[in-house]
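# Descriptive structure summary
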Amino acid sequence: MKLYRFLTEDDTSAFCHKVSEAISKGWELHGDPQYAFDAARGVMRCGQAVTKEVDTPYSPDMKLGAQ
């Protein structure tokens, strides 16, 4: 089964570290990164979809980041 996550963070190195950590745990990039301006906070936000094939059956209780 393929799991899906959408990672988000402010446009800082923290976003790159979050995506790099997911890749190091076997997640693969899915599509292009996304950028949007958060007017309420006055910062740019980044997002990146990632997917991962797992043998575990899906459950809405699973913590995707721990997979």
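Residues numbered from 1 in each chain as written. Predicted model: local features only at pLDDT ≥ 70, side-chain atom pairs only at ≥ 80, totals over all residues. Heavy atoms only, no water.

Here the structure, examined in full by the defined rule, presents 0 aromatic pairs. Lying over the aromatic face of Trp27, Arg5 brings its terminal NZ or CZ to 5.0 Å of the ring centre. (Phe/Tyr/Trp six-rings, centres within 6.5 Å; stacked < 30°, edge-to-face > 60°. Lys NZ or Arg CZ within 6 Å of the ring centre and 35° of its normal.)

Let's shift gears to the environment of Gln48. Looking at the element boundaries, Gln48 is found in strand S3 (residues 43-53). Look at Gln48 and you get buried, because its relative accessible area is 5%. When the C-alpha atoms of Gln48 and Tyr35 are compared, they prove to be 9.1 Å apart, with 13 residues separating the residues in sequence. A polar side-chain atom of Gln48 sits 3.4 Å from the main-chain carbonyl oxygen of His30. A distance of 3.2 Å separates the side chain of Gln48 from the backbone oxygen of Gly31, its partner in a polar contact. (Helix = DSSP H or I, 4+ residues; strand = E, 2+ residues; numbered from the N terminus. Buried < 20%, exposed > 50% of the residue type's maximum accessible area, 1.4 Å probe, protein only. Polar contact = N/O pair within 3.5 Å; in protein donor to acceptor, adjacent residues only side chain to side chain.)

This part covers the side chain of Thr51. You can see Thr51 is positioned in strand S3. Apart from residues lying up to four places away in sequence, Thr51 is in contact with Lys2, Leu3, Tyr4, Gly26, Trp27, Glu28 and His30. (Contact = heavy atoms within 4.5 Å.)

We now examine the sheet that holds strand S2 (residues 28-38). As a general point, the strands of a sheet are linked pairwise by backbone hydrogen bonds and lie either parallel or antiparallel. A sheet is described by the order of its strands in space; here 3 strands give the open sequence S1-S3-S2, paired in antiparallel fashion. In the strand order of this sheet, the two ends are held by strand S1 (2-10) and S2, each with one partner. Within the sheet, the average angular offset between the axes of one strand and its neighbour, ignoring direction, is 20 degrees. (Pairing = 2+ DSSP bridges. Axes fitted to C-alpha atoms, helices over the stretch in contact; angles between N-to-C directions.)

If the charged atoms of two oppositely charged side chains come close together, the side chains can form a pair. For the structure on display, the rule yields 5 salt bridges. A salt bridge links Lys18 to Glu9; the shortest N-O distance between them is 3.4 Å. Given a relative accessible area of 30%, Lys18 falls into the partly exposed group. Take Glu9: its relative accessible area is 23%, and that puts it in the partly exposed class. Here Arg41 ties to Asp10 by a salt bridge, and the two come within 2.7 Å at their closest N and O atoms. Here Asp10 lies in strand S1 and Arg41 lies in the loop between S2 and S3, a separation of 31 residues in the sequence. Through salt bridges with shared partners, a single ionic network connects Asp10, Asp38, Arg41 and Arg45. (Salt bridge = Lys/Arg side-chain N within 4 Å of Asp/Glu carboxyl O.)

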